[in-house]
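Topology and contacts: notes
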Number of protein chains: 2
Amino acid sequence: MKIVCIGSGNVASHMAGAFKLKGHDLLQVWSRSVANAAELADTVGASPISSLEALDRDADIYLIAVKDDAIASVAQALIGVQGLVLHTSGSTSIAELSRLDNYGVLYPLQTFSKTKAMDFEGVPLCIEAKDAALLQRLKSIAGEVSRVVYEVDSEQRKVLHLAAVFACNFVNHLYNLSEQLLMDNQLSFDMLRPLIMETAIKVQDENPAKVQTGPAVRDDKQTISKHIEMLHSQPHLQEIYQTLSKSIKKSH
Amino acid sequence: MKIVCIGSGNVASHMAGAFKLKGHDLLQVWSRSVANAAELADTVGASPISSLEALDRDADIYLIAVKDDAIASVAQALIGVQGLVLHTSGSTSIAELSRLDNYGVLYPLQTFSKTKAMDFEGVPLCIEAKDAALLQRLKSIAGEVSRVVYEVDSEQRKVLHLAAVFACNFVNHLYNLSEQLLMDNQLSFDMLRPLIMETAIKVQDENPAKVQTGPAVRDDKQTISKHIEMLHSQPHLQEIYQTLSKSIKKSH
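Each chain has its residues counted from 1, following the order in which its sequence is written. Numbering of ligands from 1 and lettering of chains from A proceed in the order in which they are written. Only residues with pLDDT of at least 70 are given local features in this predicted model, and only at 80 or more are side-chain atom pairs given and counted; all residues enter the totals for whole chains, interfaces and linings. In computing side-chain values, all of the structure's heavy atoms are included and hydrogens and water are not.

A few words now on the interface of chain A and chain B. By definition, residues are in contact when any of their heavy atoms lie within 4.5 Å. Across the boundary between the two partners, chain A contributes 87 residues, which contact 87 residues of chain B. Buried area counts how much accessible surface, traced with a 1.4 Å probe, disappears from two parts once they are put together, with both parts' losses summed. In this assembly, chain A packs against chain B so that about 8500 Å² is buried in total across both faces, 68% of it on carbon and sulfur atoms. Per-residue buried area on chain A facing chain B is highest for F166(A), F170(A) and M191(A); these three make up 8% of the total on that side. Any carboxyl oxygen of Asp or Glu within 4 Å of a side-chain nitrogen of Lys or Arg constitutes a salt bridge here. Between chain A and chain B we count two salt bridges in total. Here K246(B) and E239(A) are joined by a salt bridge, their closest N and O atoms 3.1 Å apart.

The transformation that overlays chain A on chain B combines an axial shift of 0.0 Å with a rotation of 180°, and the residual RMSD is 0.0 Å. The superposition of one copy onto the other is thereby described by a two-fold rotation axis. Minimal C-alpha separation from the rotation axis in chain A is found for V171(A), amounting to 2.7 Å. When you check the interface residues of chain A against chain B, 100% turn up at the interface there too, and the contact is symmetric in its surfaces. What sets the superposition is a least-squares fit of C-alpha atoms, and only residues with pLDDT of at least 70 in both copies go into it.

All names here are of chain A. The backbone of Q186 sits at a positive phi, close to 55°, despite the residue not being glycine. Positionally, Q186 belongs in the loop between helix 5 (154–183) and helix 6 (193–202). In this scheme, a residue with accessible area under 20% of its type's maximum is buried, one over 50% is exposed, and one in between is partly exposed, where area comes from a 1.4 Å probe on protein chains only. A residue is classified by how much of its surface remains accessible, and Q186, at 66% relative accessible area, is exposed. Numbered from the N terminus, helices here are DSSP runs of H or I no shorter than four residues, and strands are runs of E no shorter than two.

Closest axis-to-axis distance for the helix 5 of chain A/helix 8 (residues 235–251) of chain B pair is 10 Å, and the angle between their directions is 50°. When the interaxial angle is binned, helix 5 of chain A and helix 8 of chain B end up oblique. The two elements helix 5 of chain A and helix 8 of chain B cross, and the hand of that crossing is left-handed. Where helix 5 of chain A approaches helix 8 of chain B, its residues L162(A), V165(A), F166(A), N169(A), F170(A), H173(A), L174(A), N176(A) and L177(A) are matched on the opposing element by L237(B), I240(B), Y241(B), L244(B), S245(B), S247(B), I248(B) and S251(B). Throughout, the ten residues Ala, Val, Leu, Ile, Met, Phe, Trp, Tyr, Cys and Pro are labelled nonpolar, Asp, Glu, Lys and Arg are labelled charged, and all others, Gly among them, are labelled polar. Grouping the amino acids of the contact of helix 5 of chain A with helix 8 of chain B by side-chain chemistry returns 11 nonpolar, six polar and no charged. Fitted lines through C-alpha atoms give the axes, limited to the stretch in contact for helices. The angle between two N-to-C directions lies from 0 to 180 degrees. An angle below 35 degrees is read as roughly parallel, one above 145 as roughly antiparallel, one from 65 to 115 as roughly perpendicular, and any other as oblique. Working rule for handedness: look at the near helix, and if it is turned counterclockwise from the far one by less than a right angle, call the crossing left-handed; if clockwise, right-handed.

Residue and element names in this part refer to chain A. For helix 4 (residues 132–145), which comprises 14 residues, the first-to-last C-alpha distance of 21 Å matches the rise-based estimate of 20 Å (1.5 Å per residue) to within 8%. Taken as a whole, helix 4 has its buried residues at L134, L135, L138, I141, A142 and V145. One side of helix 4 carries all its buried residues, which in axial view fall inside an arc of 125°. Opposite the buried face of helix 4, by more than 90 degrees, sit the exposed residues A132 and A133. Where the residues of helix 4 are buried, they touch helix 1 (10–21), strand 4 (61–64), strand 5 (84–87), strand 6 (103–108), strand 7 (125–129) and strand 8 (149–151). Residues adjacent in sequence count toward polar contacts only when both atoms are side-chain atoms; beyond that, a polar contact is any pair of N or O atoms within 3.5 Å, and within protein one must be able to donate a hydrogen and the other to accept it. One side-chain oxygen at the N-terminal end of helix 4 lies 3.2 Å from the backbone nitrogen of A133; it belongs to D131. To estimate the expected span of a helix, count its residues, drop one, and scale the result by 1.5 Å. In this context, the arc is that of the directions from the helix axis out to the C-beta atoms.

It is worth spelling out the pattern of salt bridges at this point. All names here are of chain B. Taken as a whole, this structure holds 23 salt bridges over all chains when the rule is applied. Note that K221 is salt-bridged to D219, the shortest N-O span being 3.0 Å. Among the charged side chains, a network of salt bridges with common partners joins K22, D119, E121 and R147.

So, about the sheet that holds strand 5 of chain A. All names here are of chain A. In spatial order, the strands read 3-2-1-4-5-6-7-8; together these eight strands make up an open sheet with mixed pairing. Among the strands making up the open sheet, the edge pair consists of strand 3 (47–49) and strand 8. On average, each strand axis in the sheet is tilted by 25° relative to the strand beside it, whichever way the strands run. Here the rule is simple: two strands pair whenever DSSP picks up at least two bridges between them. Relative to strand 2 (residues 25–30), strand 1 (residues 2–6) is paired through five bridges, and the arrangement is parallel. Its bridge partner lying in strand 2, I3 is registered against L26. Of the strands in this sheet, strand 1, strand 2, strand 4, strand 6 and strand 7 touch helix 1, which is tilted by about 105° from strand 6. Where helix 4 meets the sheet, its contacts fall on strand 4, strand 5, strand 6, strand 7 and strand 8, and the angle it forms with strand 7 comes to roughly 160°.

Here we come to the packing of aromatic side chains. Here a Phe, Tyr or Trp ring, Trp counted by its six-membered ring, pairs with any other such ring whose centre lies within 6.5 Å, and the pair is stacked when the planes are under 30 degrees apart, edge-to-face when over 60, and tilted otherwise. Under the criterion given, the structure shown has eight aromatic pairs over all chains. The interplanar angle of 55° and the centroid separation of 6.1 Å between the aromatic rings of F166(A) and Y241(B) together place this pair among those described as tilted. Here F166(A) is found in helix 5, whereas its partner Y241(B) is found in helix 8 on a different chain. When its relative accessible area of 1% is taken as the criterion, Y241(B) is described as buried. Note on F166(B) and F170(B): the rings are 5.2 Å apart at their centroids and 75° apart in plane angle, and the pair reads as edge-to-face. One end of the pair is F166(B) and the other is F170(B), both in helix 5 (residues 154–184) and four residues apart, which spans about a single turn. Within the aromatic cluster, the residues linked to one another by ring pairs are F166(A), F170(A) and Y241(B).

Here's what the structure looks like:
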């Protein structure tokens, strides 16, 4: 298949790389910045472009991996192409592409780093398409690059995106706050890394509610009040501590 | 060394197992419940006891792995023994053991499951002792069962314990909330597991602040308000979403 990649960020890089690896032909990489386009284009043997007018009109697939608020203008530029146009956004409805002839969604439920290699075959891909025939085609396309393909409609995809904010973005921020606490006391974040790893491993085959530990779930008021006291100079950490402890008690 | 294990929970089980594996002699396992004592005692070839008066007075090491509020009464029962008495608690000062002759702390900074095997050699052990000579001895004892040994005083250990609440207990609760969101929409938690894993892997060699992603760090007000709206029927999730998003903005 001839593929055009619109975007050059983390999602674009990993997706373009995954299709290239399966022997597909990356025609072009578009980015507003030609330098960014060139950087990714070089690695997948594509031509870098920075103008939407320069988009090849005869590709089989157009992967849109740009910021959510730029999807509409990219879709506008693709009106009339016969290739399958796919956006990759968790929080954008498929309806944003409805003026195109053949369209769908290919949302990777994963966090990507530009610098870090990753086994794309384990990345859950959530697919949705204009109609049943295109959905079948998209299922086979997604199945080429990943073992884990889910059919998910736009409403469910929004929920997945929201859940991912809790399970990834907020979780990473808690890692960050724990690192701050250690640094303020001349302790290395290395000390916590094995615990962070094990906490994630534990829920790979268990239900998180079942493995909840800590002072809040055992209603250990003494430890909770010691912790609140230790955070007296950081009221925003106290607020987080209290909000999450209250929520843990509510859930158990 | 002859070791007595006081407690039969997750920490006790993994520690007793680790010392047994290195060829040490587990004399006794104490638990208030003789059935619990017997269960662990059987796996390490020790005698189960359920009375503190039955404790062997001639062991080399006494590992105290009981609930924080039970440490004082166990310490009381051990007054007069010459062996090294170690508690394993993150939030308890070494001073709780000060009426003993030889004492210290061996705090494993890890989350344990009873059912799940674990490489104890990778568990960070935080040690503290009554005096410098005992600290050297404890360092060598800890080094037998783990590659990762840190000298940490009681104040620092309290900070580690607090940081672990953020990085483990609160993180697991966020996993739990994300699972609830999925279940409410007939979606499987399996879909999020690879993301959870990768989020933890990312910070194994990166600083969490550097890999923060999501709507809050890029100040994407539109997505944030969509998410808040999606949570309208769950005000406690709205509160968590807003508190953590505000904290992410504050940190970046």
